[in-house]
Protein chains: 2
Amino acid sequence: MSSRGRPVATSHAQIEAVAFRLFAERGFDAVTMADIAAEVGVGRRTLFRYFESKNDIPWGQFDRTLDGFRAILAESPDDLPLADAVQRAVLRFNEYPADSDPPHEQRMRLILETPALQAHSVLRYADWRDVIAEYVAGRLGLQATDTLPRTVGSVSLALAISAYEGWLADPGSDLQTLLEETMTSLRDYLAD
Amino acid sequence: MSSRGRPVATSHAQIEAVAFRLFAERGFDAVTMADIAAEVGVGRRTLFRYFESKNDIPWGQFDRTLDGFRAILAESPDDLPLADAVQRAVLRFNEYPADSDPPHEQRMRLILETPALQAHSVLRYADWRDVIAEYVAGRLGLQATDTLPRTVGSVSLALAISAYEGWLADPGSDLQTLLEETMTSLRDYLAD
DNA sequence: ACACTAATGGCACCGAGCGCCATAAAGATA
DNA sequence: TATCTTTATGGCGCTCGGTGCCATTAGTGT
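A brief report on the enclosed structure follows. What you are looking at is a predicted structure, and each value in this text was computed from that prediction instead of being measured.

## Description of the interface of chain A and chain B
Here is step 1: Listed as interface residues are 29 residues of chain A and, on the opposing side, 29 residues of chain B.
Here is step 2: At the boundary of chain A with chain B, total buried surface from both sides reaches about 2,600 Å², with 66% on carbon and sulfur atoms.
Here is step 3: Here chain A is connected to chain B by 2 salt bridges.
Here is step 4: Residue E165 of chain A pairs with R150 of chain B through a salt bridge whose shortest N-O separation is 3.1 Å.
Here is step 5: Among the elements that take part in the side of chain A that touches chain B, helix α9 (residues 147–169) of chain A stands out by supplying 12 residues, more than any other.
Here is step 6: Residues belonging to the side of chain A that touches chain B are distributed by class as follows: 16 nonpolar, 9 polar and 4 charged.

Structural data, given as structure tokens:
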């Protein structure tokens, strides 16, 4: 319970705050881990104990939110059509408080507009897709490794990213509306 | 048309062949660019003139095939429903000669099973998605940057990757069949 | 023989990332 | 108070991907 040992010198939140400021000022690629460490007032080596890689910094504590995502899916009524249940869960997962820090828009813009982070995102999102695959598999009596559950996970991710791109491209738009429109338009496209 | 200047010391194909052999022997991560250069008998610096990065080696001359993909789409009859036209084009794009070298299966297994390459693939496939977006935009009288064309590109990619994963997981399966099944099962999923 | 051209490859450098380990700073114990 | 234990820090040195610079090589054309 008590806090033995040397106390921590920083925190994920502090590093994140400093890093986002620097990224905004100079751009992601132009900021080195040494820069961030100096600004935080901590050793470079220590940064790598808080974040596995520079690419992981913009993601913050994404992993932790997956439990919430699982919970949202678990709450879905079983009589709701599968595709609707998934769609609603994706919508709810992407409700973010307007005052989050750093701002959700800034975080997503960084991730979606920086090539190195676009690439890295496929690794970070693997677990998110698995959450969907698990749910779909459960509803259909399949394994999460079967093709359909995995496909639904991948396609849901592709749709969500498309919606985010639209959101970032149009400052006045509403993310929830775009997510819904994107999913509906895919249905129309496939059904025509 | 004559060939002035110092003659080339190697070729994309030779580098690719050597690299694939080493990757198979030791695994992608355990092979350094210096290893490949030594085996090819060329300077390390030269490798980076043939391939932008180590991650690009497994992709070979992927860019060149995009013109073929564009041509396939351009040939599609206009009265074919849009989703069917795209589906058929994706199928045809993924017809590979059985004797390609390195084998298509080995290439895709490397790309889809190596985390660093999974991540990098999102950058390589951006142009592929754009080809689809251009076609969809043309058929619908939209811009290629609009949401629906981009969404169709992303979703088509997600489906193709799912199909490839299934293909690699089941040695006896047929890629063309799996591609078709994956696309059809998504329609069922969304329509239920 | 001499100019021209284009590819090579060595060298030095940067930045991410990691293993190793000495050290700092706290609580616990005597 | 002095010592022990625990835990985080951070410096050092290394590997590897990647790049800019530039001298050198090996051809073709005159």
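## So, the packing of aromatic side chains
Residues and elements named next belong to chain A.
Here is step 1: Taken as a whole and judged by the stated rule, the model has 22 aromatic pairs over all chains.
Here is step 2: Relative to Y125, the ring of W59 has its centre 5.0 Å away and its plane inclined at 90°; by these criteria the two rings are edge-to-face. On the criterion of sequence distance, the pair formed by W59 in the loop between α3 (44–50) and α4 (62–75) and Y125 in the loop between α7 (115–124) and α8 (126–140) is long-range, its members being 66 residues apart. For the pair W59 and Y125, one class covers both residues: buried.
Here is step 3: Between F62 and Y125, the aromatic rings sit 5.6 Å apart at their centres with planes inclined by 85°, giving edge-to-face as the arrangement. Of this pair, F62 sits in helix α4 while Y125 sits in the loop between α7 and α8, placing them 63 residues apart in sequence.
Here is step 4: By relative accessible area, Y125 is classed as buried at 11%.
Here is step 5: An aromatic cluster of three or more residues is present, and its members are W59, F62, F69, F93, Y125 and W128.
Here is step 6: Positioned over the ring face of F28 is K54, at 4.5 Å from the centre of the ring.

Rules used in this analysis
- Residues numbered from 1 in each chain as written.
- Chains lettered and ligands numbered in written order.
- Predicted model: local features only at pLDDT ≥ 70, side-chain atom pairs only at ≥ 80, totals over all residues.
- Heavy atoms only, no water.
- Contact = heavy atoms within 4.5 Å.
- Buried area = accessible area lost by both parts, 1.4 Å probe.
- Salt bridge = Lys/Arg side-chain N within 4 Å of Asp/Glu carboxyl O.
- Helix = DSSP H or I, 4+ residues; strand = E, 2+ residues; numbered from the N terminus.
- Nonpolar A, V, L, I, M, F, W, Y, C, P; charged D, E, K, R; others polar.
- Phe/Tyr/Trp six-rings, centres within 6.5 Å; stacked < 30°, edge-to-face > 60°.
- Buried < 20%, exposed > 50% of the residue type's maximum accessible area, 1.4 Å probe, protein only.
- Lys NZ or Arg CZ within 6 Å of the ring centre and 35° of its normal.

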